[in-house]
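# Summary of structural features
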Amino acid sequence: MTSEDHPDRLPEYAERVLEVAELIPPGRVMTYGDVAEWLGEGGPRQVGRVMALYGGSVPWWRVVRADGRLLPGHEHRALGHYRAEGTPLRDPAPVRDGAPLRAAAPLREGGSSRGTAPERGTAASVPRLDMRRARWDGDTGAGSGDAGDTGHAMAHN
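Residues numbered from 1 in each chain as written. Predicted model: local features only at pLDDT ≥ 70, side-chain atom pairs only at ≥ 80, totals over all residues. Heavy atoms only, no water.

Going by what an unreviewed UniProt entry lists, the chain is known as MGMT family protein and is assigned to Streptomyces changanensis.

## Thoughts on the nonpolar core
Residues Val47, Met51, Val63 and Tyr82 are the most contacted members of the largest nonpolar core, which totals 30 residues. Those elements giving two or more residues to this core turn out to be helix H1 (12–23), helix H2 (32–39), helix H3 (44–54), strand S2 (63–64), helix H4 (75–85) and helix H5 (131–134). If sequence neighbours within four positions are ignored, Met51 has contacts with Val17, Leu18, Ala21, Tyr32, Val58, Trp60 and Val63. (Core = buried A, V, L, I, M, F, W, Y, C linked by side-chain atoms within 4.5 Å. Buried < 20%, exposed > 50% of the residue type's maximum accessible area, 1.4 Å probe, protein only. Helix = DSSP H or I, 4+ residues; strand = E, 2+ residues; numbered from the N terminus. Contact = heavy atoms within 4.5 Å.)

## What about the side chain of Arg62?
Within the fold, Arg62 resides in the loop between H3 and S2. Reaching out from Arg62, the side chain makes a polar contact with the side chain of Glu85 at a distance of 2.6 Å. Apart from residues no more than four positions distant in its own chain, Arg62 is found in contact with Ile24, Pro25, Pro26, Arg28, Val29, Met30 and Glu85. (Polar contact = N/O pair within 3.5 Å; in protein donor to acceptor, adjacent residues only side chain to side chain.)

## A word on the confidence of the model for the chain
Mean pLDDT over the chain works out to 77, with 63% of the residues at or above the 70 mark. The model gives residues 100–122 a pLDDT under 50, and that stretch makes 22 contacts with residues more than four places away or in other chains. Confidence drops under pLDDT 50 across residues 142–157; counting only partners more than four residues distant or on other chains, this segment forms 31 contacts. (pLDDT = per-residue confidence, 0-100.)

## With respect to the pattern of salt bridges
Counted according to the given criterion, the structure contains 7 salt bridges. Taking the shortest distance from any N to any O, the salt bridge between Arg65 and Asp67 comes out at 2.8 Å. Judged by relative accessible area, Arg65 falls into the buried class, the value being 11%. The class of Asp67 is partly exposed, set by a relative accessible area of 30%. A cluster of three or more residues bridged by salt bridges with shared partners is formed by Glu12, Arg16 and Glu41. (Salt bridge = Lys/Arg side-chain N within 4 Å of Asp/Glu carboxyl O.)

## Side note on the environment of Leu70
Relative to the elements of secondary structure, Leu70 occurs in the loop between S2 and H4. Residues Leu70 and Pro127 lie 57 residues apart in sequence; the distance between their C-alpha atoms is 8.0 Å. Every residue in contact with Leu70, bar those within four places of it in the chain, is listed here: Glu75, Leu79, Tyr82, Val126, Pro127 and Leu129.

## Quick look at the packing of aromatic side chains
With the rule as written, the count across this model stands at 1 aromatic pair. A ring pair is formed by Trp60 and Trp61, whose centres lie 5.6 Å apart and whose planes are at 85°; its orientation type is edge-to-face. Both residues of the pair, Trp60 and Trp61, count as buried. (Phe/Tyr/Trp six-rings, centres within 6.5 Å; stacked < 30°, edge-to-face > 60°.)

Structure follows, in structure tokens:
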């Protein structure tokens, strides 16, 4: 059976991506690329597309960009989740004279220009994820590191 046979059913790949998102423990994150690597299929863009279309029913804030920047347009909602879960964060970028010392480029995933660039100084006021400490490797223990082969052991749970 395919999703074409049942139009209200999620595509199989989307179901698997969402299952991985549900496995990520509170206070931890996986990058879009980590999820794709863990599944052994697709890539960061495919995982990002699944999360954009179907991720509202899972802890979407735990599947993140590799650079630790929060999802544009959802920064404050995500930040609330991260703080409630104790997810490791880094301080915002230093600001001098109301402008960030290093300007962040706006995200345009999939060639989309739906969002607008943040106002000058806005990106500096939002913390980033501390990827070194927050990243989850897919192991049932809460260790951090690369996804590696640990996902294969969890796939049997």
